[in-house]
Amino acid sequence: MLMRQKTSKFLDKRFWLDLIMPNRCAVCNKILPWDKLCCDNCLEELPYIDKPLCEVCGKPDCICSNGIHYDRCFSIVWYNEQMRAPVVRFKNQSPGNFAMLFAEKLACKIRETDIPAIDVVTAVPMSRSSMKERGYNQAYELAASLAKQLGIEQVSDKILSKRNSRSAQHELSAEERKKVVEKLYYFSGKYDVKGKNILLCDDIITTGSTLDRCAEILKENGAAAVICAVAANTDKSKE
Ligand SMILES: [Zn+2]
Ligand SMILES: [Zn+2]
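Quick look at the structure, then. Here the structure is a predicted model, which is why all the values come from computation and not from measurement.

### Regarding the side chain of D212
Moving on, step 1. Note that D212 resides in helix α9 (residues 209-220).
Moving on, step 2. The exposure class assigned to D212 is buried, which follows from its relative accessible area of 9%.

### Brief notes about the coordination of the zinc ion (ligand 2)
Moving on, step 1. At this site the zinc ion (ligand 2) is bound by C54 (SG), C57 (SG), C62 (SG) and C64 (SG), with donor distances of 2.3 to 2.4 Å.
Moving on, step 2. One chain supplies every donor to the zinc ion (ligand 2), and in sequence these donors are spaced C-x2-C-x4-C-x1-C.
Moving on, step 3. Classification of C64 as partly exposed rests on a relative accessible area of 27%.

### Examining the coordination of the zinc ion (ligand 1)
Moving on, step 1. Every protein donor of the zinc ion (ligand 1) is accounted for by C25 (SG), C28 (SG), C39 (SG) and C42 (SG), and the metal-donor separations fall at 2.3 Å.
Moving on, step 2. Between the donor residues of the zinc ion (ligand 1), the gaps in sequence give the motif C-x2-C-x10-C-x2-C.
Moving on, step 3. On the accessibility criterion, C25 (2% relative accessible area) is buried.
Moving on, step 4. Overall, the relative accessible area of 30% leaves C28 in the partly exposed class.

### Re the packing of aromatic side chains
Moving on, step 1. Tallying each qualifying case throughout the model produces two aromatic pairs.
Moving on, step 2. Between F90 and F98, the aromatic rings sit 4.2 Å apart at their centres with planes inclined by 20°, giving stacked as the arrangement.
Moving on, step 3. Judged by centre distance (4.6 Å) and plane angle (35°), the ring pair of F98 and F102 falls under tilted. Here F98 and its partner F102 are both found in helix α5 (residues 96-111), four residues apart, which amounts to about one turn of the helix. One exposure class covers both F98 and F102, and it is buried.

Reading guide: rules and limits
- Residues numbered from 1 in each chain as written.
- Chains lettered and ligands numbered in written order.
- Predicted model: local features only at pLDDT ≥ 70, side-chain atom pairs only at ≥ 80, totals over all residues.
- Heavy atoms only, no water.
- Helix = DSSP H or I, 4+ residues; strand = E, 2+ residues; numbered from the N terminus.
- Buried < 20%, exposed > 50% of the residue type's maximum accessible area, 1.4 Å probe, protein only.
- Donors = N, O, S within 2.8 Å, 3.2 Å for Na, K, Ca; no water.
- Phe/Tyr/Trp six-rings, centres within 6.5 Å; stacked < 30°, edge-to-face > 60°.

Coordinates in, geometry out; function isn't part of it.
Okay, structure coming up:
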């Protein structure tokens, strides 16, 4: 048994990577043993969602009356002060541990529900200019980890595309944001989504307009169901 454990350690890519770049906690960034994603303290102290969310839109204050296009949305933590720095690092620096940590938690939640069998996992797309700047799409990192956790073979970042844009969305009102978002995203035409159940990932749900627009495009192109999965959710009382 001990022999086997030793062998698996030396076969693990993470063990060798740790020798070059020390493994760090996905939340507080402290150095960790090579085989952990998050320190025990953060794991306990994460701002886990602690009140009921709408079963459909996944928001604490239901937005279903706006006429949403996705079928469900799963999230794990509140996006608050504690989550700000980890999310920034997830977007710009090191997506690995954050993606794996939240993929594990999302997979647990998703497995407990009776959503239809997922055909393909995808992510909210990133524009070509942002991709060039950052080198990766954090939403896709989460999608790939989640697909692995759920044992889903089909995972693609070629289903939806995003146009380059200069406007900073977080400065806009919900109404203005909706209008901007409408023009930003489009169907790539590279993947047939007809009749497919799609799991759509992103890092955060705020107003829901980005996920909703992506879901609308997928449904317009024939998707049967769009289930959203995000790491963090916003709530006015938690910010
Ligand atoms: Zn930590
Ligand atoms: Zn709702």
